[in-house]
Amino acid sequence: MTETVAAPEEAPEPVRRAGVGDVLLDVQDLRTYFHVMDGTVKAVDGVSFSIRKGGRLALVGESGCGKSVTALSIMRLIETPPGEFAGGKILFEGTDLLTMDDRHIRKVRGGEIAMIFQEPMTSLNPVMTVGDQIMEAILIHQGVNKKGAQEIALKALQDVGVADPKRRLKQYPHELSGGMRQRIMIAMALSCNPKLIIADEATTALDVTIQRQILELIKAIQERTGAALLLITHDLGVVAETVDDVAVMYAGRVVETGTVEEVLLHPRMPYTRGLLESIPSQGKRGQRLSAIKGTVPNPFRLPPGCKFEPRCPFGWETCVESEPELITIGRDRSARCWLNDKRFAGRLASYSAPPATEPR
Amino acid sequence: MASLVPPINGAMTEDLDPGGPDYDVQLESLGQWQIAWRRFRRHRMAMIGSALFFGMVIVGVVGPLILKYNYYNIPVPDVHVNAGRPPSLSHPFGETGRLQWDVLTLVVNGIRYSLLIGLIASAMGAVIGTIVGGVAGYFGGWTDTILMRIVDALLALPLLFVILVFTKFLGSGNWISVTIIFGLFEWLGIARLVRAVMLSLREEEYVDAARAAGISDRRIIFRHLVPNALSPIIVSTTLGVAGVIIGEAFISFLGFGVGFDTPTLGNILAGSLGFISQGNWWWAFFPGMAIVVIVLGINFMGDGLRDALDPRAKI
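Worth saying up front: this structure is predicted, and the values here are computed from it rather than measured.

Novice: Any chance you could explain the overall build of chain A here in plain terms?
Specialist: Tallying secondary structure elements over chain A gives 13 helices and 12 strands in all. Scaling as 2.2 N^0.38, a compact globule of 360 residues should have a C-alpha radius of gyration of about 21 Å, and chain A matches this with 22 Å. Judged by the C-alpha coordinates and their principal axes, chain A covers about 65 × 65 × 40 Å. A buried classification covers 44% of the 360 residues belonging to chain A. Residue pairs in contact within chain A that sit at least 24 positions apart in sequence constitute 63% of those at least 6 positions apart.

Novice: Sorry if this is basic, but what is going on with the overall build of chain B here?
Specialist: From N to C terminus, chain B includes 12 helices and zero strands. Seen in sequence order, chain B has helices and strands lined up from the N terminus as α-α-α-α-α-α-α-α-α-α-α-α. Scored against the burial criterion, the 315 residues of chain B give a buried share of 42%. Long-range contacts, defined here as pairs at least 24 residues apart, represent 73% of the contacts in chain B between residues at least 6 apart.

Novice: So what exactly am I meant to see when it comes to the pairing of strand 2 (residues 39-52) of chain A here?
Specialist: Note on strand geometry: in a regular strand, side chains alternate between the two faces of the sheet. All names here are of chain A. Pairing of strand 1 (residues 23-36) with strand 2 involves 11 bridges; the strand directions are antiparallel. The residue of strand 2 that forms the bridge with leucine 25 is isoleucine 51. Two successive antiparallel strands, strand 1 and strand 2, enclose a turn made up of two residues.

Novice: Quick question: what am I supposed to make of the sheet that holds strand 12 (residues 333-335) of chain A here?
Specialist: The strands that make up a sheet are held in pairs by hydrogen bonds between backbone atoms, and each pair lies either parallel or antiparallel. Residues and elements named next belong to chain A. Taken together, eight strands build an open sheet; the order of strands is 6-7-8-3-9-10-12-11 and the sheet is mixed. Each edge of the open sheet is held by one strand with a lone partner, namely strand 6 (113-116) and strand 11 (327-330). Within the sheet, the average angular offset between the axes of one strand and its neighbour, ignoring direction, is 20°. Where strand 3 (residues 56-60) meets strand 8 (residues 228-233), five bridges bridge the pair, whose relative direction is parallel.

Novice: What am I meant to see in the environment of leucine 119 of chain B here?
Specialist: Residue placement: leucine 119 of chain B occurs in helix 4 (residues 103-139). Between the C-alpha atom of leucine 119 of chain B and that of valine 241 of chain B, which follows or precedes it by 122 residues, the distance is 5.6 Å.

Novice: How should I be thinking about the confidence of the model for chain A in this particular structure?
Specialist: Should pLDDT be low for a region, the predicted coordinates there are not to be read in detail. All names here are of chain A. When pLDDT is averaged along chain A, the result is 79; 91% of the residues meet or exceed 70. A low-confidence stretch, residues 1-20 stays under pLDDT 50, and its non-local contacts, those more than four residues away or across chains, total 11 contacts. The low-confidence segment residues 355-360, where pLDDT is below 50, has three contacts with residues more than four positions distant or belonging to other chains.

Novice: Is there a simple way to think about the pairing of strand 4 (residues 83-92) of chain A in this case?
Specialist: All names here are of chain A. Taken together, the eight bridges between strand 1 and strand 4 define a ladder with antiparallel strand orientation. Within the sheet, the bridge partner assigned to valine 27 lies in strand 4 and is isoleucine 90. Note that strand 4 and strand 5 (residues 95-96) share two bridges and pair antiparallel. If you follow phenylalanine 92 over to strand 5, its bridge partner there is threonine 95. Hairpin connection, strand 4 to strand 5: the antiparallel pair is bridged by two residues, and glutamate 93 has positive phi, about 50°.

Novice: Where do I start with the sheet that holds strand 4 of chain A in this structure?
Specialist: Residue and element names in this part refer to chain A. Ordered in space as 2-1-4-5, the four strands form an open sheet in which the pairing is antiparallel. Lying at the two open borders of the sheet, with one neighbouring strand each, are strand 2 and strand 5. Seen against the sheet, helix 2 (residues 67-74) touches strand 1, strand 2 and strand 4 and runs at an angle of roughly 70° to strand 2.

Novice: Explain the environment of asparagine 267 of chain B here, please?
Specialist: Residues and elements named next belong to chain B. Counting through the fold element by element, asparagine 267 comes out in helix 11 (residues 265-271). Sequence separation between asparagine 267 and isoleucine 251 is 16 residues; the distance between their C-alpha atoms is 8.6 Å. Not counting chain neighbours up to four residues away, the residues in contact with asparagine 267 comprise Ser252, Gly257, Val258 and Phe260.

Novice: So what exactly am I meant to see when it comes to helix 5 (residues 146-159) of chain A here?
Specialist: Side chains of residues three or four places apart in an α-helix project in the same direction, reflecting 3.6 residues per turn. All names here are of chain A. In this model helix 5 runs 20 Å from its N-terminal to its C-terminal C-alpha over 14 residues, within 8% of the 20 Å that 1.5 Å per residue would give. Restricting attention to buried positions, one finds in helix 5 the residues Ala149, Ile152, Ala153, Leu154, Ala156, Leu157 and Asp159. Where helix 5 is buried, its residues touch helix 4 (130-142), helix 6 (165-169), helix 7 (178-190) and helix 8 (208-225). Once helix 5 finishes, glycine 161 follows within two positions and takes phi at roughly 75°, a positive value.

Thresholds applied
Residues numbered from 1 in each chain as written. Chains lettered and ligands numbered in written order. Predicted model: local features only at pLDDT ≥ 70, side-chain atom pairs only at ≥ 80, totals over all residues. Helix = DSSP H or I, 4+ residues; strand = E, 2+ residues; numbered from the N terminus. Rg over C-alpha atoms; globule rule 2.2 N^0.38 Å. Buried ≥ 20, exposed ≤ 12 C-beta atoms within 10 Å, placed from the backbone. Contact = placed C-beta atoms within 7 Å. Pairing = 2+ DSSP bridges. Axes fitted to C-alpha atoms, helices over the stretch in contact; angles between N-to-C directions. pLDDT = per-residue confidence, 0-100. Expected span 1.5 Å × (residues − 1).

As structure tokens, then:
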């Protein structure tokens with residue numbers, strides 16, 4: 001009896017507001033581990049970032065740095081076991097997604113947060129028509145009948161620039177080109193008016209011209225609907241064109257954050273600089289393309305200090321001995337590198353001094 | 001209706017879409033089933049098999065309606081002669097010994113019930129097997145281990161003895177209970193098959209995409225994955241019909257299956273047991289041939305389906 005009385009008091013107070021009121025997604029110290037036969041892979045180890053309502057953030061990093069696992073963790077699509085959420089919180093509008101029950105997380109998936117996957121060729125079911133697949137999510141989240149769902153689907157297809165949407169609804173995925181399929185995926189994602197769109201390497205599998213169209217489309221839709229965008233990519237060119245803020249990841253950690261201009265023009269972490277230098281461009285014609293030497297560290301034998309130190313051209317003893325925190329440099333600007341510690345201001349000066357084309 | 005996203009340049013849609021007004025090709029691309037049907041039609045053995053099988057189905061469905069005698073109302077002859085009579089014009093398949101029943105009437109009615117038992121039992125097996133295999137393969141882990149160990153345990157039981165025990169409890173001789181018993185054992189193979197297919201299908205990216213769209217596990221299994229696993233299920237179910245028909249004939253012949261009040265090809269053979277030595281070959285030959293034709297037809301058809309539904313096969 002007492003429980004029934006107490007329940008309504010607790011029910012309307014589920015949210016723990018996270019900082020400022022306009023934060024949509026706040027990932028705090030997320031740790032996603034995988035327990036496999038050889039041990040534990042700490043795929044994501046203490047990642048924090050946040051996205052404002054309508055904001056655009058890119059998560060950048062090499063393959064295996066944990067950016068996709070971060071995205072899948074937000075959607076709670078990590079299979080547990082072997083996966084494990086070892087710590088942290090993912091606050092979406094103040095509610096922790098990691099502790100949400102299955103029924104509610106299904107409402108969030110697709111309805112509140114939509115995800116666009118990497119491979120348009122394989123993320124549509126080959127034996128279902130395009131229409132059935134788009135309408136399925138609409139029927140689940142929107143509470144409309146089949147006719148209403150079809151109208152929403154048609155409008156979504158028009159919005160993503162698919163010509164003759166009526167015919168498309170009846171087609172099977174194998175009848176469509178890669179770019180067209182990615183448009184369908186985007187139509188699916190936005191058909192339920194999500195508050196956050198996660199695009200996980202959404203343009204990587206497409207060729208460059210289509211890539212650009214799709215990026216512009218995602219951006220246009222994001223601006224029109226006011227949804228926030230989390231763009232996951234390894235392509236810094238894509239980053240520069242699409243988002244406002246960047247978080248660079250390395251070995252399961254965020255190593256640098258800031259606005260696009262700051263991070264791309266004045267990287268404060270040698271890893272980010274290495275990434276930027278390895279982009280081929282007109283100005284570097286005739287020169288040897290620089291690459292970050294070495295490879296991503298073995299996840300079972302991470303170095304004790306800075307995880308990037310073995311590959312870092314600027315490292316010194318401090319880096320070998322201990323790992324830096326994310327050092328705040330300015331407003332929303334931080335880097336996980338000892339160079340930014342006040343004690344090493346001299347080294348920072350010499351880091352900043354040489355031009356990007358310094359010979360190695 | 002204008003697009004709601006005007007800033008995207010209009011040329012883009014034309015670039016991408018081959019179905020624009022200028023060059024509307026309208027390539028009628030064939031669906032998975034159309035391609036399979038086309039291959040199936042070209043498969044000679046499959047067509048022979050289908051003709052045999054569906055011919056027998058027609059005999060089973062239409063035959064009892066147009067025959068001179070009704071199985072339940074075959075006139076009892078005045079003179080009791082123990083030996084049967086060989087095929088003649090009025091009784092093309094001959095007459096049985098003891099009661100002098102028309103063998104043609106027996107066989108046609110037997111075909112009807114044998115097919116009915118085979119089809120119902122395999123359909124039951126397909127449904128149960130798909131559900132169990134689908135759930136086990138999709139969820140994996142403990143669910144998978146428990147369900148598959150149950151399957152292993154049931155497969156380890158000698159079917160014949162289990163059926164003997166079951167028929168004792170479920171009312172011996174009733175054809176419906178025999179059908180259910182076969183159905184309850186038919187699903188084991190299909191469950192294993194579906195599980196194996198599911199294990200690979202669940203790793204597909206569209207499963208992640210469906211989950212990310214908030215679609216429930218149940219819907220993903222039965223709406224997204226089972227249709228992808230349909231080809232092996234169809235082949236296995238088809239071949240299962242033949243298996244059940246033979247199995248039923250076998251246990252009915254031994255006298256533990258369907259009783260004599262319902263004719264099946266098996267219990268007609270059982271009736272002929274003492275009379276073959278007297279030279280009454282027709283009593284055993286015609287029902288035996290019916291079994292052979294049905295089973296052969298199904299097996300040819302199943303092989304054809306396997307070839308037609310395999311996307312990698314080139315025929």
